[in-house]
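Below, each chain spelled out in residue letters.
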Amino acid sequence: MTALSRLIITILFGWLGIHKFFDKKPIQGFIYMFTFGLLFFGWIIDIVMAIQFYLEVRVNKIEQVSM
């Protein structure tokens, strides 16, 4: 899964835990599903983490191109 697709899935379906199933963490996925993303706090934290991951990937690609 690319960083951009992970970010989009987390934003759109994170409150259902879909991104946790993609990470092969089904127990966390079910917990997110039944608690609406840990009462939306876990979902917000995961969005921030997905944004950070996306930006790190972008920076690494830029650094590789400039070398």
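Residues numbered from 1 in each chain as written. Predicted model: local features only at pLDDT ≥ 70, side-chain atom pairs only at ≥ 80, totals over all residues. Heavy atoms only, no water.

(A) Here's a closer look at unusual backbone geometry. A positive phi angle is found at Leu39, which is not glycine, with a value near 60°. Here Leu39 lies in helix α3 (residues 26–39). The backbone of Phe40 sits at a positive phi, close to 75°, despite the residue not being glycine. The partly exposed category is assigned to Phe40, whose relative accessible area is 40%. (Helix = DSSP H or I, 4+ residues; strand = E, 2+ residues; numbered from the N terminus. Buried < 20%, exposed > 50% of the residue type's maximum accessible area, 1.4 Å probe, protein only.)

(B) Layout of helix α4 (residues 41–66). Its 26 residues place the ends of α4 38 Å apart at the C-alpha level, agreeing with the 38 Å of an ideal helix rising 1.5 Å per residue. For α4, the full list of buried residues reads Gly42, Trp43, Asp46, Ile47 and Ala50. Packed against the buried residues of α4 are α1 (3–13), α2 (18–22) and α3. (Expected span 1.5 Å × (residues − 1). Contact = heavy atoms within 4.5 Å.)

(C) Inspection of the side chain of Lys20 at higher detail. Residue placement: Lys20 occurs in helix α2. Excluding its chain neighbours within four sequence positions, the residues that come into contact with Lys20 are Lys25, Gln28, Gly29, Tyr32 and Asp46.

(D) Expanded view of the environment of Phe21. Looking at the secondary structure, you find Phe21 in helix α2. Those residues in contact with Phe21, other than ones at most four positions away along the chain, are Pro26, Gly29, Phe30 and Met33.

(E) View of α1. Within α1, the full set of buried residues consists of Ala3, Leu7, Ile9 and Thr10. Angular distribution of buried residues about the axis of α1 spans 165°; they occupy a single face of the element. Structurally, α1 contributes buried residues whose contacts are with α2 and α4. (Arc of directions from axis to C-beta.)

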